[in-house]
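# Coordinate analysis (summary)
Residues per chain are reported as follows:
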Amino acid sequence: MTEQEKPPAKMAPLQEPWLRGTHSDVPPIERALFHSLEMAREDVNRWCTGLTDEEVHTRLSTLPSLAFQIRHIARSLGRFMSYLDGEALTAAQLQALAEEREPSETQEQIFGEFARAVDATERGIASRLGRPLDAPLKIGRKGLPTTHGGLLVHMAEHTQRHVGQAITTAKLVVAQRSKEPARSA
C-alpha cells in the first residue's frame with residue numbers, strides 16, 4: 001500500500017476502502033483482504049486510540065481488554081501468514097499466543113505491534129499473489145483442512161470481528177470514565 005492510499009490516522013475516510021477503487025490490479029480475494037486490513041487500520045486508529053495505558057488494559061465485566069483484542073489481531077495475522085506457507089507455528093508465536101491476555105506493554109507498544117503486523121501482512125499477501133486459491137492447507141496443531149483462498153477470507157473476517165470487539169470495548173471504557181467519581185487532589 002502506498003502512502004497515498006493510507007488516510008490520515010484520525011481522519012474519517014469519505015468511503016470505506018472497498019469503495020475507493022484501489023487495488024484494482026489485485027485478484028478479488030486478495031483485494032478484499034487488502035481492503036479489510038485498510039478498514040481495520042482506519043477503524044482502530046479512529047475508535048481505539050487516545051486511551052491511557054491503564055484503560056487499554058481495563059476489563060469490563062467478562063469482556064477481554066482492548067489490549068487483548070489489538071494484540072490478538074496482530075498476532076493472529078502472523079500465525080495466518082505461517083499457515084499460508086504451510087509452516088507450523090514457531091515457539092515464539094506459541095509463546096506470544098499464550099501471552100495475549102496478559103496486561104503488559106504500553107498502549108504505544110500495543111498499537112505499534114498492530115500497525116507493524118498489518119503492514120507485514122499486506123507485504124506478505126502482495127508477495128503471494130497468484131497462488132491457486134484452491135491449494136490445500138493445514139491449520140493448527142490438528143492440521144485442519146482448508147485452502148489458500150479459504151484462509152485469506154478467514155483472515156479478513158477474523159480481523160473485522162476483532163476490530164468490532166475492540167471498538168465496542170474502547171467505547172465502553174470511554175463511557176466508564178463519565179461514571180467514575182472525580183478524584184480529589
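Up top is the structure these notes are about.
## Notes on the overall build of the protein chain
When helices and strands are tallied, the protein chain shows six helices and two strands. Shown N-terminal to C-terminal, the secondary structure of the protein chain runs as helices and strands in the order α-α-α-α-α-β-β-α. Classification of the 185 residues of the protein chain by burial places 40% in the buried group. A fraction of 70% describes how many contacts in the protein chain between residues 6 or more apart in sequence connect residues 24 or more apart. Summed over all atoms, the accessible surface of the protein chain reaches about 10,400 Å², with 56% contributed by carbon and sulfur.

## Points about the pairing of strand β2 (residues 144–147)
The sheet contact formed by strand β1 (residues 136–139) and β2 spans four bridges and is antiparallel. Across the sheet, the residue bridging to K138 is P145, located in β2. Linking β1 to β2, which pair antiparallel, is a turn of four residues; within it G140 sits at a positive phi near 75°.

## Some remarks on the packing of aromatic side chains
One pass over the full model with this rule turns up zero aromatic pairs. Note that R101 overlies the ring of F68, its terminal NZ or CZ placed 4.2 Å from the centroid.

## Quick word on the side chain of H23
The residue H23 is located in the segment before α1 (28–47) in this model. Only 2.4 Å separates the side chain of H23 from the side chain of E38, close enough to count as a polar contact.

## Some points on the packing of α1 against helix α5 (residues 107–127)
Running from N to C, α1 and α5 point in directions that differ by 165°, and their axes come no closer than 11 Å. The pairing of α1 with α5 is recorded here as roughly antiparallel in orientation. Regarding α1 and α5, the two cross each other, and that crossing is left-handed. Residues E30, L33, F34, L37, E38, A40, R41 and V44 of α1 touch α5, and the partners they reach there are F111, F114, A115, V118, D119, T121, E122, I125 and A126. Its residues assigned to classes, the contact of α1 with α5 shows eleven nonpolar, one polar and five charged.

## Quick word on the nonpolar core
The biggest cluster of nonpolar side chains holds 35 residues, and the ones touching the most others in it are C48, L66, I70, L84, I125 and M155. Of all elements in the fold, only α1, α3 (66–84), α5 and α6 (148–177) reach the threshold of two or more residues within this core. Among residues more than four places away in sequence, those in contact with C48 are D43, L66, F111, A166, I167 and A170.

## Here's the deal with the pattern of salt bridges
Where charged atoms from two side chains of opposite charge come close, those side chains can pair. Scanning the entire structure with this criterion turns up ten salt bridges. In this structure, E42 engages R20 in a salt bridge whose closest nitrogen and oxygen atoms are separated by 2.8 Å. Separated by 22 residues along the polypeptide, E42 in helix α1 and R20 in the segment before α1 bring together distant segments of the chain. A residue is classified by how much of its surface remains accessible, and R20, at 26% relative accessible area, is partly exposed. Through salt bridges with shared partners, one network takes in R71, R75, E105 and E113.

## Remarks on the environment of P145
You can see P145 is positioned in strand β2. What makes P145 exposed here is its relative accessible area of 65%.

## Points about α5
Residues spaced three or four apart along an α-helix face the same direction, because each turn holds 3.6 residues. For α5, built from 21 residues, the straight-helix expectation of 30 Å at 1.5 Å per residue is met to within 8% by its first-to-last C-alpha distance of 30 Å. Turning to α5, its buried residues are I110, F111, G112, E113, F114, A117, V118, T121, E122, G124 and I125.

Calculation rules
- Residues numbered from 1 in each chain as written.
- Predicted model: local features only at pLDDT ≥ 70, side-chain atom pairs only at ≥ 80, totals over all residues.
- Heavy atoms only, no water.
- Helix = DSSP H or I, 4+ residues; strand = E, 2+ residues; numbered from the N terminus.
- Buried < 20%, exposed > 50% of the residue type's maximum accessible area, 1.4 Å probe, protein only.
- Contact = heavy atoms within 4.5 Å.
- Areas by Shrake-Rupley, 256 points an atom, 1.4 Å probe, with all protein chains shown as cover.
- Pairing = 2+ DSSP bridges.
- Phe/Tyr/Trp six-rings, centres within 6.5 Å; stacked < 30°, edge-to-face > 60°.
- Lys NZ or Arg CZ within 6 Å of the ring centre and 35° of its normal.
- Polar contact = N/O pair within 3.5 Å; in protein donor to acceptor, adjacent residues only side chain to side chain.
- Axes fitted to C-alpha atoms, helices over the stretch in contact; angles between N-to-C directions.
- Parallel < 35°, antiparallel > 145°, perpendicular 65-115°, else oblique.
- Left-handed = near helix turned anticlockwise from the far one by under 90°.
- Nonpolar A, V, L, I, M, F, W, Y, C, P; charged D, E, K, R; others polar.
- Core = buried A, V, L, I, M, F, W, Y, C linked by side-chain atoms within 4.5 Å.
- Salt bridge = Lys/Arg side-chain N within 4 Å of Asp/Glu carboxyl O.
- Expected span 1.5 Å × (residues − 1).

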